[in-house]
Amino acid sequence: MKKINFIFLLAVLLAGKVSHAQVSEENIVEERNEEEVEDDSKLFHFNLQLKNMHLWKGLHVTDAPMTAVDLNYTSKNGFFKAGVWGGRGFNGDYTEFDYYVSFMHNGWSLAIWDINNYSDFPDAKIFDYDRSATSHFIDVTLAYQFQKVPLKLSWSTIVQGRDTFINDEGQLRNAYSNYVEASYVILDKSNWSLSGLVGGSWSFAPQEAHFYGDEPGITNVGFIYNRDLNIFDKFILPVSATASWNPVQDYGAIQVAFNLF
């Protein structure tokens, strides 16, 4: 009888250990699943920005206050990014809807943007890429961020779309306008930074006029001040102020942007 009781007690203890091991394994699997869901949620980003105006490569895209929305997917290793970007002016005179993809590795980046600013194209069709009527243009940018110095160099070329000219035979051709920029972080503190930049533009076409102006030259000189504002010790609001001068277009402006989330 004692032997039977001992065997029964041993069986109960072993069953308890097995049950505990199964519960522990289930908990581990559940925690891993939760981590995977959390990691997947971090791959998708939704950002809303509020601006007093919109500057782009030295151009005044709109002088009216506007909102900008960026919805994107970024791979876990940061190599690939794809998304949509939209802008809308408060006065209704500016509307833009873009698609983009980018690749980043060891300081190098390649970005391809399908920019569709159809503010001045009321009859444009969203999938019409005929350069004689389209509101789209495809902008390709190759950039390199130096690792040891806070210097970034970039070269952008418009390869397709409404960047056109008429040749001597009266034919509509791509102008292949270029924009080259160098930016440098002058000061980088714990909650603010100051950068400077200079950019120039020209066209591969046999003419002086290009997408950014009527002649080749410096089209963007400016400074960018970034700061993280502490709001009532509750949350951080990133704010930037960009002062830009365009010698070719002969104008300047200050853009203030609030990154709401």
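Preceding block: the structure.
Residues numbered from 1 in each chain as written. Predicted model: local features only at pLDDT ≥ 70, side-chain atom pairs only at ≥ 80, totals over all residues. Heavy atoms only, no water.

Draft legend 1. Quick look at the pairing of strand 15 (residues 235–246). Taken together, the 11 bridges between strand 14 (residues 217–231) and strand 15 define a ladder with antiparallel strand orientation. Across the sheet, residue Asp228 finds its bridge partner in strand 15, namely Pro238. The antiparallel pairing of strand 14 with strand 15 creates a hairpin that spans three residues between the two strands, and Phe232 there sits at a positive phi of about 55°. Taken together, strand 15 and the strand that follows it, strand 16 (residues 251–259), pair antiparallel across an intervening segment of four residues, in which Asp250 is found at a positive phi of about 60°. (Pairing = 2+ DSSP bridges. Helix = DSSP H or I, 4+ residues; strand = E, 2+ residues; numbered from the N terminus.)

Draft legend 2. Inspection of the nonpolar core at higher detail. With six residues, the main nonpolar core is built from Leu59, Ile115, Phe137, Ile158, Tyr179 and Tyr212. Apart from the residues within four sequence positions on either side, Leu59 is in contact with His54, Phe211, Tyr212, Asn246, Gln249 and Tyr251. The next biggest cluster of nonpolar side chains, apart from the first, holds five residues, and it includes Met66, Trp85, Tyr94 and Tyr100. (Core = buried A, V, L, I, M, F, W, Y, C linked by side-chain atoms within 4.5 Å. Buried < 20%, exposed > 50% of the residue type's maximum accessible area, 1.4 Å probe, protein only. Contact = heavy atoms within 4.5 Å.)

Draft legend 3. Quick look at the environment of Ser183. Mapped onto the elements, Ser183 comes out in strand 12 (residues 177–188). Measuring from C-alpha to C-alpha, the distance between Ser183 and Ser195 comes to 6.9 Å, with 12 residues separating the pair along the chain. What Ser183 contacts, discounting residues up to four positions off in sequence, is Pro150, Leu151, Lys152, Gly196 and Leu197.

Draft legend 4. Just the side chain of Gln49, in detail. Residue placement: Gln49 occurs in strand 1 (residues 44–51). At 2.6 Å, the side chain of Gln49 and the side chain of Asn259 are in polar contact. Look past the residues within four positions of Gln49 in its chain and what remains in contact with it is Met66, Thr67, Ala68, Ala257, Phe258 and Asn259. (Polar contact = N/O pair within 3.5 Å; in protein donor to acceptor, adjacent residues only side chain to side chain.)

Draft legend 5. Geometry of the environment of Phe137. Of note, Phe137 is situated in strand 8 (residues 136–145). Overall, Phe137 belongs to the buried group, its relative accessible area being 3%. Residues Phe137 and Ile115, spaced 22 residues apart in sequence, show a C-alpha to C-alpha distance of 5.4 Å. What Phe137 contacts, discounting residues up to four positions off in sequence, is Trp56, Trp113, Asp114, Ile115, Ile158, Gln160, Gly161, Arg162 and Phe211.

Shape descriptors only; they carry no functional weight alone.
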